[in-house]
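Now for the letters of each chain:
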Amino acid sequence: MNADLVIVGSGFFGLTIAERAARELGLKVVVIDRRHHIGGNAYSENEAQTGIEVHRYGAHLFHTSNQKVWDYVSQFTKFTNYQHKVYSSHKGEVYPLPINLGTINQFFRASFGPAEARALIQEQAGELAGTDPQNLNDKGIQLIGRPLYEAFIKHYTGKQWQTDPKDLPAGIISRLPVRYNYDNRYFNDTYEGLPVDGYTAWIERMADHPNISVVLNTDFFDDGEFSRSAVLGQVPVVYTGPVDKYFDYAEGDLSWRTIDLEEEVLPIEDFQGCSVMNYPDDDVPYTRIHEFRHFHPERDYTKEATVIMREFSRFAQKGDEPYYPVNTAEDRQKLLAYRDLAKGEPTVLFGGRLGTYKYLDMHMAIGSALTMFENKIKPHFSGGSKLESGGVDA
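The model shown is predicted, which means the values in this text are computed figures rather than measured ones.

Basis of the calculations
- Residues numbered from 1 in each chain as written.
- Predicted model: local features only at pLDDT ≥ 70, side-chain atom pairs only at ≥ 80, totals over all residues.
- Heavy atoms only, no water.
- Pairing = 2+ DSSP bridges.
- Helix = DSSP H or I, 4+ residues; strand = E, 2+ residues; numbered from the N terminus.
- Axes fitted to C-alpha atoms, helices over the stretch in contact; angles between N-to-C directions.
- Contact = heavy atoms within 4.5 Å.
- UniProt positions renumbered as here; feature names shortened; annotations may be inferred.
- Phe/Tyr/Trp six-rings, centres within 6.5 Å; stacked < 30°, edge-to-face > 60°.
- Buried < 20%, exposed > 50% of the residue type's maximum accessible area, 1.4 Å probe, protein only.
- Lys NZ or Arg CZ within 6 Å of the ring centre and 35° of its normal.

### Concerning the sheet that holds strand E2 (residues 29-32)
Read from one edge to the other, the open sheet built from five strands follows the order E9-E2-E1-E10-E16, with strand pairing classed as parallel. In the strand order of this sheet, the two ends are held by strand E9 (212-215) and strand E16 (348-350), each with one partner. The mean angle between the axes of side-by-side strands here comes to 20°, regardless of whether they run parallel or antiparallel. For strand E1 (residues 5-8) and E2, the ladder comprises four bridges, and the chain directions are parallel. When the bridges of E2 are listed, Val 6 appears paired with Val 30. In the packing of helix H12 (residues 362-383) onto the sheet, contacts are made with strand E10 (237-239) and E16, and the angle to E16 comes to roughly 165°.

### A closer look at the UniProt feature "domain: UDP-galactopyranose mutase C-terminal" (unreviewed entry) in the protein chain
Residues given the UniProt feature "domain: UDP-galactopyranose mutase C-terminal" (unreviewed entry) here are residues 151-359. In the segment residues 151-359, helix accounts for 23% and strand for 21%; the C-alpha atoms at its two ends are 26 Å apart.

### Quick look at the packing of aromatic side chains
Using the criterion set out here, one finds 31 aromatic pairs in the structure. On the numbers, 5.3 Å between centres and 25° between planes, the contact of Phe 62 with Phe 79 is stacked. Of this pair, Phe 62 sits in strand E5 (residues 62-64) while Phe 79 sits in the loop between helix H2 (67-73) and strand E6 (86-90), placing them 17 residues apart in sequence. Of the two residues, Phe 62 and Phe 79, both sit in the buried class. Centre to centre, the rings of Phe 221 and Tyr 239 are 6.1 Å apart; their planes meet at 80°, and the pair counts as edge-to-face. Of this pair, Phe 221 sits in the loop between E9 and helix H8 (228-231) while Tyr 239 sits in strand E10, and the two are 18 residues apart along the sequence. Every member of this aromatic cluster is reached through a ring pair, and the members are Phe 12, Phe 62, Trp 70, Phe 79, Tyr 191, Tyr 199 and Trp 202. Arg 35 extends its terminal NZ or CZ atom over the ring of Tyr 57, reaching a point 4.1 Å from the ring centre. Lying over the aromatic face of Tyr 249, Lys 318 brings its terminal NZ or CZ to 4.2 Å of the ring centre.

The structure is reproduced here in structure tokens:
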């Protein structure tokens, strides 16, 4: 096998490891992926009819306050000055999100200043003051009061989880942000933007090194040159697939939520006037609609058509693409058992969203990969340190 390191999965975590290992250490790296493309869920492509760049696995917004991550990614792409803003369509009226002074004044048909709005929310949240909510519904009311919670959070969350919030644990939410100003930027990070040439161009530049070989349509668990049985014990492996699948579900299936995406090309220039519109009412089956032309207003897209994508949320079944860890108490017990099993794999490092059973934004996945490279891979290949997994979080 002509490889020093095999990486399973070509998302941002795997490609960051591959790029660093090839460029800084001169290693021969093979990256395999079961899909027909690199980039994991960040993959994007131009919709055939309109030429509008579409994020194939749901909207991806890059933002970070980590200077190390920003400096690293800026080697591969320039970023636009895009600032993500979300709106919510509730009972035939559109409100800005996250909940801010504009949302509050519009909802209550008022002109509160910051102090008045804060006092109102504290009064409404006082309905359950001094209690210890055991379900998400009561926790939400305690955090922001019943009116705003029921308008913007309750049914949206119910659709996300396909479960009544009264039957969801309170621990799912620790806070619900309310801004007492008119700032409706979704993120507060130091850096924010979208890759000027798109995600796939950025991803391809990361993999563009003579020491990196990308092998697509290849499943680690099938027979072949880079299968699990052929690779393990021969070269170190960075595994970014589902950790429960790696161990053949020995401790049981970890539970995930997934999304279904319904794409439509419409013969109009603009459908909703913004990138993302939430639908928090229970009589609308989807959670939100993305309109991709608004991610890149600087581009000269056609005015004859637009692309929208409705997003539906549900629990993942076998064969579905896992997106968000459910992370119940039972899941956490299983994860502890998988961590113990992972420690017994002497030449395998587990990383990424699926490999650690954590929801990681793109910047978090990249930051985690840079840390793994510096703390484990580099010392092993340049200094002879023993390669130890330490579990699925290490």
